[in-house]
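Next come the chains, spelled out residue by residue.
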Amino acid sequence: METKEKTFGAGVSCIVMNQNDNVVTLLRSINKGEVLTFQIEDQTCTLIAKEDVAFGHKLALNRIKIGDTILKYGESIGVATTTIEEGEHVHVHNLIGVRGRGDR
């Protein structure tokens, strides 16, 4: 299946789904060093990408320590298996899903 990128207005390159999230979701593929613009409530924010990352993936909004809960949609999507620095890619290589496991 081919993923098509959509164009969003006013230079917005990623979104925060919920004000409590600690990740942003990319609205297009981005390059290392790129300054990303997004909003949290009514505040416009920026984040510098630490690596190239594909459309639809996530970046850490701030430093996430090993064992910290990763939040998207205001809900846990997993736990960090390593420290993830602000602007780094957040995906299966550095988080583990915990939903439905019964041990958390």
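Our structure's up above, just so we're on the same page.
To keep things clear, this report deals only with the structure shown in the data block. Counting restarts for each chain: residues are numbered from 1 in the order of the written sequence. A pLDDT threshold of at least 70 governs which residues receive local features in this predicted model, and a stricter bar of 80 or more applies before side-chain atom pairs are shown or counted, although totals over entire chains, interfaces and linings include all residues. Excluding hydrogens and water, the side-chain figures rest on all heavy atoms present in the structure.

Going along the chain from the N terminus, every DSSP run of H or I of four or more residues is numbered as a helix, and every run of E of two or more is numbered as a strand. As for its placement among the helices and strands, Ser-13 is situated in the segment before β1 (14–15). Relative accessibility under 20% of the residue-type maximum defines a buried residue, over 50% an exposed one, and the middle range a partly exposed one, all with a 1.4 Å probe and only protein chains included. Ser-13 gets classed as buried once you look at its relative accessible area, which sits at 0%. A distance of 3.1 Å separates a polar side-chain atom of Ser-13 from the backbone nitrogen of Thr-37. Contact definition: two residues touch when any of their heavy atoms are within 4.5 Å. Setting aside anything within four residues of it in sequence, one finds Ser-13 in contact with Leu-26, Leu-27, Arg-28, Leu-36 and Thr-37. Under the rule applied, a polar contact is a pair of N or O atoms within 3.5 Å (in protein, one hydrogen donor and one hydrogen acceptor; residues adjacent in sequence only if both atoms are side-chain atoms).

It is worth spelling out the pairing of strand β3 (residues 35–40) at this point. Consecutive side chains of a regular strand alternate in pointing toward one face of the sheet and then the other. Following DSSP output, two strands are said to pair if at least two bridges run between them. Pairing analysis gives 6 bridges linking β3 to strand β4 (residues 43–48), with the strands arranged antiparallel. Bridging across to β4, Leu-36 finds its partner in Leu-47. As consecutive antiparallel partners, β3 and β4 are separated by 2 residues, and within that stretch Glu-41 has a phi angle of approximately 55°, a positive value.

This part is about the sheet that holds strand β8 (residues 89–90). With antiparallel pairing, the 4 strands of this open sheet are ordered in space as β1-β2-β5-β8. What marks the edges here is a single partner per strand, and that holds for β1 and β8. Where β1 meets strand β2 (residues 23–26), 2 bridges bridge the pair, whose relative direction is antiparallel. If you follow Ile-15 over to β2, its bridge partner there is Thr-25.

A few words on the nonpolar core. Take the buried Ala, Val, Leu, Ile, Met, Phe, Trp, Tyr and Cys residues and link them wherever side-chain atoms come within 4.5 Å; each set so joined is a nonpolar core. Grouped together as the largest cluster of nonpolar side chains are 13 residues, with contacts concentrated most on Cys-14, Val-24, Leu-26, Ile-30, Leu-36, Phe-38 and Leu-59. Elements supplying a minimum of two residues to this core: β2, β3 and β4. Contacts of Val-24, omitting those with residues within four sequence positions, involve Cys-14, Ile-15, Val-16, Phe-38, Leu-47, His-57, Lys-58, Leu-59 and Leu-61. Counting 8 residues, the second largest nonpolar core, distinct from the first, contains Val-23, Ile-70, Ala-80 and Leu-95.

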